[in-house]
Structures are given as C-alpha cells and as structure tokens.
Amino acid sequence: MNELIANWTRKDLISIESLTREEIDTVHALAKHFKEIMATNPASLPSLRGRTILNLFIEPSTRTRIAFEIAAKRLGADVTLVEQAASSLTKGESLRDTAQVVEALQADTVVLRHSAAGSPLYLSKILNVPVINAGDGAHEHPTQALLDTFTMREKLGQSLEGKKITILGDILFSRVARSNIFALNKLGASVTLSGPATLVPDGFRQLGVEVDLDLKSALADADVVMLLRIQHERQTSTHFPSLGEYKSLYGLNQERASWLKPDAIIMHPGPVNRGVELDSSLADSNRSVILQQVANGIFNRMAVIYLCMAANNKNLISE
Amino acid sequence: MSSILWIKNGRVIDPANKRDGTGDLYARDGVIVDSLSESELKAAEVIDAQGAVVCPGLVDIHVHLREPGQTHKEDIASGTRAAAAGGFTTIVCMPNTSPVGDNPGTIRRINDSITRNAIVNVYPTGCLTVEMKGEQLAPIGSLKNEGIVAVTDDGLCVQNNEIMRRAVEYARMFDLPVMDHCQDASMTQGAVMNEGYWSLKLGLKGWPSAAEDLIIARNVVFSRQFDAHIHMQHVSSAYGVDIIRRAKKRGIRVSGEATPHHMYFTDECCKDYDPVFKMNPPLRTEEDRQAVIEGVLDGTLEVIATDHAPHTADEKDNEFDIAPFGIIGLETALAASLEVLVHSGRCDLSFLIARMTHMAAEILNLPAGTLSTGAKADITLFDPDAEIVVDPDQFHGKSTNCPWNGKRLKGKVLRTIVAGKTVWDGNQITAQ
C-alpha cells in the first residue's frame, strides 16, 4: 500500500479527466483498504492527527460536505467548515482573497465546493496546500465518480471493461455525469446517455459516449442505470416543460425497470426526487445501491484526502 | 515656420492609391505633399525608413476608451497612447461608457477630453437607444450635431425588432451607419463561452453561434428594407460570415469586421478557465476561425478592428463565470493580424494594410487611411519581420488583459506619426 501511496504525485484532485486509470485504481485500492480497516476497527485512524482540513463550501451541500467531514475525522484531522452564508465571499471578497486567508490560517488542505466551473483549478494555482474539488458548477465532481465506480466494481466485479452504464437525466448541467463519463471511459466501460434532447446534447458523443434518446434501447442491456437529479431550480424553463412531463417520459418506474437486465443495479448520487426521476419502490429495492454509494463516499474521500496530503508532504507516509 | 517631414527609402504601401514600392514620402504642416523644394528638403526632419514599411496610419473603428466613468480601466489619454504604440492614428470609441453616450452633453464631454488628452485622432459614436436599454431611440440627430460618426449600442444589442427597425430608419436620415453587436440575448443568458465541445466538457454555459447569426440575419433584412448601412461588429461565426457574404452579393449595404482574436484563437483556449480568453462574442471553433479569415480574404469582412476592451487585473483575476468579457488589442493587432494573414501566406501586406486603413475609414466615412496628396499626414512605419515578445506590462494602456501575453509575434511598430508629428518612436511615446 505504501508503494501505491508513494507513487501518487498529485497535490490536488481537480478532475477525473486529468487522472490516469492507474490513479483511479490507486484511489480505489486505498479506499478498499480503509473500508476493511473500518469494518473491524471503526475508531479514527491517527494518520492526519494535528492536521486541519478546511471545508470551503461556497455552494450549498449536505451529503458531500458531511461525507468529507466524516472522512477527514476518520483520518484524525480537524475540520473547519466555511459555508456560503458565513463566508466573506458574500461581502464581495474574491476567491483569491479567501484563499490567501486560508493559507494564512495554515489549513493543510482545502475541500472546495463552488458554483463556478474551474474554481478549484484556479484555487489550486494559488495555494501550496492540496485543493480537493467537491463539485464545481457543471464541470466535475471527481470524488462522486470515484465512489460511484468503486461501488460498481464492488457490484459488477473489478473489471468494468465492456459493461454498459446508462446515465439518465440532466446530463447538460451535471458535474456528476461528466466525472462519471471520464472515469468510466478510463475504466473501459461503455457509457450511454439518455434523457430529453435539451438536456442530453448530441455533442456529448465527442466525449466518447453513446447518446440514445430512446429510453427503452438506452436501458436495454445496461448493467447499471445511473439516474441524475432533475434540478428544476437550476434549469431555465426552456429545457423541459415540467417535472410531470419529465416523469411521464423518463422517470424510472417498475414498468421501465423491467426493460433492464434482471441483475442490473440502480444508482443515484442523491438526493433523489422520489416519484420524479425514480420511484420510491425502486429507490428502496434491493436493486438500488444508493446507500452503498453514500457509505463508499467516506472511504473514497478518505483515500483522496490522504493521497493528496501525502503527495504534498511525503513525511506523512512514514508517520 | 513650416514643419517638413521627409521619410526616405521605405517600402511605401498605400492601398487606397494602389501604391507599393520603395520610395519617399513627404509632408508639410501635417499634410501629405507630392514633393518638397530643395530648401524644404534641407530643412526637413528626415526619417530613414530603409527596411520598414511606410503606410497610412492604422484605423480602428471599434475601441473602448472607458471615459467617462471607468477611467481606472482606461481613459482617452491612456487609450490613445496604446493606440499610438500599436500604430493606430485614428480610432473610433464606443458609447458604452458611464454615463453612456446617449445625449449631446456626454458626447460633448468626450470630445472635450479628446481635444485635451488624445494623442491620435478619436471619433466618438453615439448610442442607438436611451441608456442602451433598447426601448427608446436616442436623440441621434442631436448626437450627430456633436460629431458622432456612427450609432451603436455596442456591448449590448437591441433586442426589440421594432425599435431596431426604427433606429435603422432614423439613423439613415442622418447618413449615419448603424454598428451592431449581434447577440440574441434570450439565447445567451449566463453564457460565458462558445457553445460546443469545450463548453460541454468544461461545464461552462455555452453561447451558441446561432444567437449571433439570428441578429445578423435580422440586420440584413432591415438593411435591405431601408437601404441602410448596417455594420456587423466582431463577426465570429462561420454562418454569420456566410449570411453577410450572400447579402452583399445581392447588393445589400451591410459590412462586417473581424477581430484579430477571433482570427487567432479558438474556444479551446478556454480549457484552463483563464478569463483572459473570455470575450464577447466568444472565441469559437476552428471552423469558425477559418471562416472569419476567409471572410476577410474574400472581402466579406472589409475591416479588421480590435474591440479593445480594457478591464483591470483584479476584475479578470476571478472565476471564469465572474470575470468580465473582453480583452485589449490595440498594441497587438498589427502583429497578430500579420501572423494570421501575411506570415501564413494567405495574403500580401497591401491586402492587410487596406483592411486596417482606408477600408476601415470608408466604413464610417472617416477622413483617414490614405497617403493621398492633401491627406493628413497620419503615417505608420513598421517592420513586418521583427520579432516581438508580447509583454502587457510594457503596454501603454492601463489594463493588461491580453491573451497574447508571452507569445512571440512578428511585426513591430517603429514609428507612428499623427499630422506630421511623431507620437510613438518605436520605444516610447513622444507626444506632448
């Protein structure tokens, strides 16, 4: 394990696109290691004792924020949270100014959630400490893709080569979709996107995926169907007429689930709009791995935090 | 006492007069003359232009000088110094200042500052609509009386077709060209870069080229209907170029401009979220870039203009979504255009100079862009092959939002002369 950690050279985790397949494998291997340790000894690991991780959440988040917080605490780190409402950014302070304050306060790592795509990259160029992207606008949500693919590997086997993953819903505005597309392509899976044409532009084909607006054929033969939250509050009313129409055309219900292979799994990054993109009977069924995704989020984020901090401070490995 | 200027041995390129050859150029009291007497030759200020191109002073019909209201970004003094260093002797400033140029008092104030502070010729434009809101016609006739040379809501685009139709009709009465920033705002809400592969990949809100094409098409309709001259600013899309091309073939009075940055860069440049590449209209695809270049080469886009848009470093040093649109261009326009068009072998020097001098002037009926006898002695000397390394910190404007930062380009302005007097000597501003 130490060799894997030593080979990790990234200070920051900004995107899945920039990772190699080997790096994804490294995160997953370390996440699996943490998961096994936690199964037998759920007490905190001492690895990051004395270190401070700043959760800078400029955009609202509950799940991701809590998952990062738990992950950091399981590694023994102290966590400080700055949320949008409490941030000087609401008073007009620039991200650069905030970053400099972060550094002056001697935080050892920053986990950034921000509504502007590219903001973690921007921050990483300013800061000497690791920056971990916890979701930037519609760009990427790398730790979500890491936990999603980790969960798929647990369920479908270590190799995802040739597996068909159908991502259904709001692709255009989804950072989760983008990160998963990049991750799944690197892992050899075949990705199909589906949903209304306004949310699934044909241009996504250029990212090496299939675009299939016919739901039945998009679901046929899929090993995984990953549903995305319909973020009606984010989209203008021009992208689709109503949640009702979306549900009637694309919502996954029992009838449409029957188009899937019997052993296909259902995933969702949450929170689920029950009864819109996914019926409750499916969300709570044994085909759903939604809660496993949440749990695996802890271990994958522990791995990412640890790897980036170790890359920035090689002493961590021997400590 | 007369001031006499004798520029010797340069390669004189004056496309308006189809002149291209080694020779001399003379000026007396700020005006181009055919010849000088023996005594005048002895008394003349002599400039040895051997190895240099001597051409009419460059003309830029699309510049933001930010005065009044945003002089921390640029003002008439700093903007005209940047123009001089870039080889421009005549520029046209846009009215989206603060307050905007929608009333005679503001235009008078701008003209007063031009008189006091400008070191090159500056012509103001006026707004099409009051406060650039696109709702009520600006007092275009009164603005004309203050000396505007065109009307435009540049930075914004009149969305209401009825208002635009009336503006076009009304401006024609005063023989004023309408310049339009072609953008259907309903399609670009929140958009920060070109809609396409890169916007999908980067998760940035896309600005579809159709939003530009629709307005270009609308303007073609109005130009045809009212036989009015409408000039399409900073054309960036392939289909937009094609619409203008076909309109011109039908004899419709439309014209178009290309910017150096749309000829040079593509939307791929946004891949690192660097706001220095954030501009409006956005950098588009390679296909669009090539179409804009073709538009220049086949005469569809008659003019190269910079859309020089200064913003402070603090404003640009931000998240891509937040940073303002716009880049500066006065001090790189010649070298960047040379690179794309001449050094690439796509046209000759005379062709390019025409688009940056007399053809630009003719769009807005400006008395500039030629070395004809009797013309004002506005002259630029440059070495098309001298390499420069772009360093915005050495620029003469107030802002440094330049996407060519650090690039090596070929084309150095050696001297800029306004009315017979050197304002830029290749190293420094010499105007008082």
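Procedures and definitions
- In this numbering scheme, every chain counts its residues from 1 along its sequence in written order.
- The lettering of chains begins at A and the numbering of ligands begins at 1, in the order of writing.
- With the structure being a predicted model, the display of local features is reserved for residues of pLDDT at least 70 and the display and counting of side-chain atom pairs for 80 or more, all residues being used for whole-chain, interface and lining totals.
- Calculation of side-chain values draws on the structure's entire complement of heavy atoms; hydrogens and water are dropped beforehand.
- UniProt positions are given in the numbering used here, feature names are shortened, and annotations may be inferred rather than shown by experiment.
- A run of DSSP states H or I qualifies as a helix once it reaches four residues; a run of E qualifies as a strand once it reaches two. Both are numbered from the N-terminal end.
- Only protein chains enter the accessibility calculation, which uses a 1.4 Å probe. A residue is then buried if its area is under 20% of the maximum for its type, exposed if over 50%, and partly exposed in between.
- Polar contacts here mean pairs of N or O atoms no more than 3.5 Å apart (in protein, one a potential hydrogen donor and the other a potential acceptor; neighbouring residues in sequence count only if both atoms are side-chain atoms).
- Two residues form a contact once any of their heavy atoms are found within 4.5 Å.
- Once two parts are brought into contact, the accessible area they lose, counted with a 1.4 Å probe and summed over both, makes up the buried area.
- A side-chain nitrogen of Lys or Arg and a carboxyl oxygen of Asp or Glu constitute a salt bridge if their distance falls within 4 Å.
- Two strands are counted as paired when DSSP detects at least two bridges linking them.
- Orientation is described by lines fitted to C-alpha atoms, with helices fitted over the stretch in contact, and by angles between N-to-C directions that extend from 0 to 180 degrees.
- Those domain boundaries reflect an automatic or database domain assignment.
- Roughly parallel covers angles under 35 degrees, roughly antiparallel covers those over 145, roughly perpendicular covers 65 to 115, and oblique covers all other angles.
- By the convention adopted, Pro, Cys, Tyr, Trp, Phe, Met, Ile, Leu, Val and Ala count as nonpolar, Lys, Arg, Asp and Glu as charged, and the other residues, Gly among them, as polar.

(A) Quick look at the UniProt feature "binding site: carbamoyl phosphate" (unreviewed entry) in chain A. All names here are of chain A. In the numbering used here, UniProt assigns the feature "binding site: carbamoyl phosphate" (unreviewed entry) to R63, T64, R113, H141, Q144, G270 and P271. Among the structural elements, P271 can be located in the loop between strand 9 (265–267) and helix 11 (280–283). Judged by its relative accessible area of 41%, P271 falls in the partly exposed class.

(B) Spotlight on the side chain of T370(B). Residues and elements named next belong to chain B. Assignment of secondary structure puts T370 in the loop between helix 14 (358–363) and strand 16 (379–389). A polar contact of 2.7 Å, which involves the side chain of T370, links it to the side chain of S372. Those residues in contact with T370 that sit more than four places away from it in its chain are D14, A16, N17, P56, A375 and K376.

(C) Layout of the interface of chain A and chain B. With 23 residues of chain A in contact, the opposing surface of chain B contributes 13 residues. For the pair chain A and chain B, the summed buried surface comes to about 1500 Å²; carbon and sulfur atoms form 60% of the total. On the surface where chain A and chain B come into contact, there are 2 salt bridges. Across the pair D317(B) and R96(A) runs a salt bridge, and its minimum N-O distance is 2.3 Å. Taken together, the links from chain A to chain B amount to 6 residue pairs in polar contact (both at pLDDT 80 or more). Secondary structure elements with two or more residues in the side of chain A that touches chain B: helix 4 (95–104), helix 5 (119–126) and helix 7 (175–186) of chain A. At 4 residues, the largest contribution of residues to the side of chain A that touches chain B is made by helix 5 of chain A.

(D) Main features of the sheet that holds strand 8 (residues 224–227) of chain A. All names here are of chain A. In space, the 5 strands of this open sheet follow the order 7-6-5-8-9, with parallel pairing throughout. On the outer flanks of this sheet lie strand 7 (210–211) and strand 9, each paired with one strand and no other. Here strand 8 runs beside strand 9; their pairing, made up of 3 bridges, is parallel. Counted as the bridge partner of M226 is M267 from strand 9.

(E) Region of the structure containing the sheet that holds strand 7 (residues 88–93) of chain B. Residue and element names in this part refer to chain B. What the 3 strands build is an open sheet, ordered 6-7-8; its pairing is parallel. Every interior strand has two partners, whereas the edge strands, strand 6 (58–63) and strand 8 (121–124), have only one. Going from strand to strand, the sheet's axes swing by 20 degrees on average, the running direction of each strand aside. Examined bridge by bridge, strand 7 and strand 8 share 4 bridges and lie parallel to one another. The residue bridging T90 from the neighbouring strand is N121, located in strand 8. Helix 3 (residues 104–117) contacts strand 7 and strand 8 of the sheet and is inclined by roughly 180 degrees relative to strand 8.

(F) Quick peek at the domain arrangement of chain A. Residues and elements named next belong to chain A. Each assigned domain of chain A is listed here: domain 1 (2–141 + 297–312) and domain 2 (142–294). The C-alpha-based centres of domain 1 and domain 2 are spaced at 25 Å. Buried surface at the junction of domain 1 and domain 2, both sides included, amounts to about 2500 Å², of which 57% is carbon and sulfur. Taken together, the links from domain 1 to domain 2 amount to 4 salt bridges. Here R21 and E161 are joined by a salt bridge, their closest N and O atoms 3.1 Å apart. At the boundary of domain 1 with domain 2, the tally comes to 20 residue pairs in polar contact (both at pLDDT 80 or more). At the level of secondary structure, the elements contributing two or more residues to the side of domain 1 that touches domain 2 comprise helix 2 (21–40), helix 3 (63–74), strand 3 (109–114), strand 4 (131–136) and helix 12 (290–312).

(G) Inspection of helix 2 (residues 76–85) of chain B at higher detail. All names here are of chain B. For helix 2, the buried fraction is high: 8 of the 10 residues fall into the buried class. Three or more residues of helix 2 are buried, namely I76, S78, G79, T80, A82, A83, A84 and A85. In the core, the buried residues of helix 2 are packed alongside strand 7, helix 3, strand 8, strand 17 (408–418) and strand 18 (421–424). The distance from a side-chain oxygen at the start of helix 2 to the backbone nitrogen of A77 is 3.1 Å, and the residue carrying that oxygen is D75. Positioned one or two residues after helix 2, G87 has a phi angle of 90 degrees, which is positive.

(H) Spatial organisation of the packing of helix 2 of chain A against helix 6 (residues 142–156) of chain A. Residue and element names in this part refer to chain A. As a packed pair, helix 2 and helix 6 sit with axes 10 Å apart at the nearest point and diverge in direction by 70 degrees. In terms of orientation, helix 2 lies roughly perpendicular with respect to helix 6. Listed contacts from helix 6 to R21, I24, D25, V27, H28, A31, K32 and K35 of helix 2 are L146, T149, F150, R153 and E154. Split into classes, the residues belonging to the contact of helix 2 with helix 6 amount to 5 nonpolar, 2 polar and 6 charged.

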